[in-house]
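# Observations on chain architecture
Now for the letters of each chain:
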Amino acid sequence: MSKFKIVVTDSPFPSLDPAKEALARIDPEVIQAKSPSAEDILAAARDADGILVTYAKLPGELLRECKKLKVIGRFGLGVDNIDIPAAKELGIVVTYVPDYCLHEVSDHAMALLLSIARKIPLANTSVQSGEWKMPVVVPLRRFNTLTLGLIGFGGIPRNLAPKAQSFGFKVIASDPYLPKEMFEQANVESVTLDELYARSDLISVHAPLLPSTRGLVNDDAFAKMKPGVMIVNTARGPLIDEAALVRALDSGKVAAAGLDVVTNEPLPKDSALLGRDNVVITPHTGFYSIEALLELETKCASDVARVLSGEKPVYPVKM
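Owing to the predicted nature of the structure, the values given are computational and were not obtained by experimental measurement.

### Notes on the pairing of strand E3 (residues 50–53)
Burial of E3 is two-sided: the residues Gly-50 and Leu-52 facing one way and the residues Ile-51 and Val-53 facing the other way are all buried. Relative to E3, strand E1 (residues 5–8) runs parallel, the two being bridged by three bridges. By the bridge assignment for E3, Val-7 is matched with Ile-51. Pairing of E3 with strand E4 (residues 71–74) involves four bridges; the strand directions are parallel. The partner of Gly-50 across the bridge, within E4, is Val-71. With helix H3 (residues 60–65) bridging E3 and its parallel neighbour E4, the resulting β-α-β unit is right-handed.

Below, the structure written as structure tokens:
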């Protein structure tokens, strides 16, 4: 009989074999919940030692029912679906993988920025409909005349900055939690958020989702931006107040938007963001590559194995 029981609440992976290989050294029993509902998670995890979770919600009342639970491994780089204060209260270690898709998300953000700045989707739609008219994309600006503002300067935007600079963008960033040296090393100017709004021609959102950042980019923020600003979000949907974004698009204050994340996923079919030539939306695919998923599974499961073996995790969530 296995010494440890580990429950997978939900999985976007084509196979859990990489995770199971990383867990093999503790020879656990690995069970997948029937669904990510609280009832099905509890049915499987009430006596579990560890949980591996992707998108499923793990509120405090659920965690309190799991009397043996020692560790939660989050397949991802955010933990807003886990009740961290409750986990701390219960002595449950929470781990995540903050560095697994730095290349992919920064590439995706850059792709969205280029797409909306050069109006690639609009031009493609025009040609596919039988037109061949250059004026459809007028006006366009040369990249080396434009400033890109990064909201947050963690791992992903630090990977994005040199990619944008290689195209000629001047890059500025706002992140009050980082030392000036980190910006200087990247040749990125550190600015306040209000200054970023005032100076940026394009903005890419990379802040963590916290109670203090929910709805961060709202009507007041848009009012401080340049007319015709373009905005990209590859972080968390609720960082942008979508109703405010729609109003800014309708007024022309925002010329274009590129979104890989939205507040409610999947995006409702009646969303006011749909059907717009100047809005590019991808279905939360920025994190994905074959290599990224392998790295994510392996790192997350390895940390769960470390905790259950009495070792310190490599990527603990600060609580």
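### Here's the deal with the sheet that holds strand E8 (residues 189–190)
Strand order across the open sheet formed by seven strands is E8-E7-E6-E9-E10-E11-E12, with parallel pairing between neighbours. The open sheet terminates on both sides in strands that have one partner only, identified here as E8 and strand E12 (279–281). Relative to E8, strand E7 (residues 170–174) is paired through two bridges, and the arrangement is parallel. Note on E8: the bridge partner recorded for Ala-173 is Ser-190. Across the sheet, helix H5 (residues 102–117) is in contact with strand E6 (147–151), strand E9 (202–205), strand E10 (229–233), strand E11 (254–259) and E12; its angle to E10 comes to roughly 150°.

### Some words on the side chain of Glu-104
Summarising the element assignment, Glu-104 is placed in helix H5. There is no salt bridge for the buried Glu-104, and the closest opposite charge comes from Lys-163, which lies 7.9 Å off by N-O distance. Every residue in contact with Glu-104, bar those within four places of it in the chain, is listed here: Gly-286, Phe-287, Tyr-288, Ser-289 and Ala-292.

### Quick look at the pairing of strand E2 (residues 29–32)
The side chains of a regular strand alternate, first on one face of the sheet and then on the other. When E1 meets E2, the two strands line up parallel, connected through four bridges. Each residue of the ladder has a partner; that of Val-8, found in E2, is Gln-32. In this region the chain leaves E1, passes through helix H1 (residues 17–23) and returns to the parallel neighbour E2; the handedness of that crossover is right-handed.

### Topic: the nonpolar core
Among the nonpolar cores identified, the biggest contains 29 residues, and Ile-203, Val-217, Phe-222, Met-225, Ile-231 and Leu-245 are the most heavily contacted of them. Among the secondary structure elements, those contributing two or more residues to this core are helix H9 (193–199), E9, helix H10 (219–223), E10, helix H11 (242–251) and E11. Of all the elements, H11 adds the most residues to this core, at five residues. When sequence neighbours within four positions are dropped, the list of residues in contact with Leu-245 reads Phe-222, Ile-231, Ile-240, Val-254, Ala-257, Leu-259 and Leu-273. One finds Ala-22, Leu-52, Val-71 and Val-304 within the second-largest nonpolar core, a separate group that totals 28 residues.

### Quick word on the pattern of salt bridges
Summed over the entire model, instances satisfying the criterion amount to 18 salt bridges. Taking the shortest distance from any N to any O, the salt bridge between Lys-170 and Glu-189 comes out at 3.6 Å. In this pair, Lys-170 is assigned in strand E7 and Glu-189 in strand E8, connecting sequence segments 19 residues apart. A relative accessible area of 31% places Glu-189 in the partly exposed class.

### Side note on the environment of Ser-35
Position of Ser-35 relative to the elements: it lies in the loop between E2 and helix H2 (38–45). Excluding its chain neighbours within four sequence positions, the residues that come into contact with Ser-35 are Thr-9, Asp-40 and Ile-41. A polar contact is formed between the side chain of Ser-35 and the side chain of Asp-40, at a distance of 2.6 Å.

About the thresholds
Residues numbered from 1 in each chain as written. Predicted model: local features only at pLDDT ≥ 70, side-chain atom pairs only at ≥ 80, totals over all residues. Heavy atoms only, no water. Buried < 20%, exposed > 50% of the residue type's maximum accessible area, 1.4 Å probe, protein only. Helix = DSSP H or I, 4+ residues; strand = E, 2+ residues; numbered from the N terminus. Pairing = 2+ DSSP bridges. Right-handed = clockwise from strand over helix to strand, strands pointing away. Contact = heavy atoms within 4.5 Å. Axes fitted to C-alpha atoms, helices over the stretch in contact; angles between N-to-C directions. Lys, Arg positive; Asp, Glu negative; His and termini not counted. Salt bridge = Lys/Arg side-chain N within 4 Å of Asp/Glu carboxyl O. Core = buried A, V, L, I, M, F, W, Y, C linked by side-chain atoms within 4.5 Å. Polar contact = N/O pair within 3.5 Å; in protein donor to acceptor, adjacent residues only side chain to side chain.

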